[in-house]
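# Chains, contacts and geometry: an overview
So the chains spell out like this:
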Amino acid sequence: QVQLVESGGGLVQPGGSLRLSCVTSGIIFSIYGMGWYRQAPGKQRELVAAISTGGRTNYTDSVKGRFTISRDNAKNTVYLQMNSLKPEDTAVYYCNADRVVVGTPYSMTYWGKGTLVTVSS
């Protein structure tokens, strides 16, 4: 059974920091690209940051320079370090694992249940 379990969310003041973690089980973590998505009330889910199996990262423009995604293959865990948080970062943050099935047009993708981040004074 595949599980992605996020933790580390909470209430933080503007300018503060949080570190999200996503522990996975039931998959071969090292062969999956990992991502953090977020969904604010009334908005669509958006990709925040992603890290490839080789460690290549990409970020949405609004978090560049403030957020850092990393992975620890030995711990089957992906992290999102969030600094200089802003009220507009308030959202439920979801962990995603994704890989293309070689030789097919299909991908295997899994989601966590999310962790709430609230940035407010």
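Everything below is about the structure printed above this text.
Throughout what follows, the structure given in this document is the object of discussion. (Residues numbered from 1 in each chain as written. Predicted model: local features only at pLDDT ≥ 70, side-chain atom pairs only at ≥ 80, totals over all residues. Heavy atoms only, no water.)

### Comments concerning the pairing of strand E8 (residues 77-82)
Of all 6 residues making up E8, 5 are buried, and the element is well covered by its neighbours. Sheet topology note: the strand E3 (residues 18-25)/E8 ladder contains 6 bridges and is antiparallel. Bridging from a neighbouring strand, serine 21 pairs with tyrosine 79 of E8. In sequence, strand E7 (residues 67-72) turns back onto E8 through a hairpin of 4 residues, with asparagine 76 there showing a positive phi of about 55 degrees. (Buried < 20%, exposed > 50% of the residue type's maximum accessible area, 1.4 Å probe, protein only. Helix = DSSP H or I, 4+ residues; strand = E, 2+ residues; numbered from the N terminus. Pairing = 2+ DSSP bridges.)

### Overview of the environment of glycine 9
Structurally, the position occupied by glycine 9 is in the loop between strand E1 (3-7) and strand E2 (10-12). Separated by 81 residues in sequence, glycine 9 and threonine 90 have C-alpha atoms that sit 10 Å apart. Excluding residues within four positions of it along the chain, glycine 9 makes contact with Leu18, Leu20, Thr115, Leu116 and Val117. (Contact = heavy atoms within 4.5 Å.)

### Here we look at the pairing of strand E5 (residues 46-51)
The pairing of strand E4 (residues 33-39) with E5 spans 5 bridges and is antiparallel. Looking at the pairing, tryptophan 36 lines up with alanine 49 of E5. As consecutive antiparallel partners, E4 and E5 are separated by 6 residues, and within that stretch glycine 42 has a phi angle of approximately 75 degrees, a positive value. Note: E5 against strand E6 (residues 57-59), 3 bridges, orientation antiparallel. Among the inter-strand pairings, isoleucine 51 is bridged to a residue of E6, identified as threonine 57. Taking the residues between adjacent antiparallel strands as the criterion, E5 and E6 are bridged by 5 residues, where glycine 55 takes a positive phi near 95 degrees.

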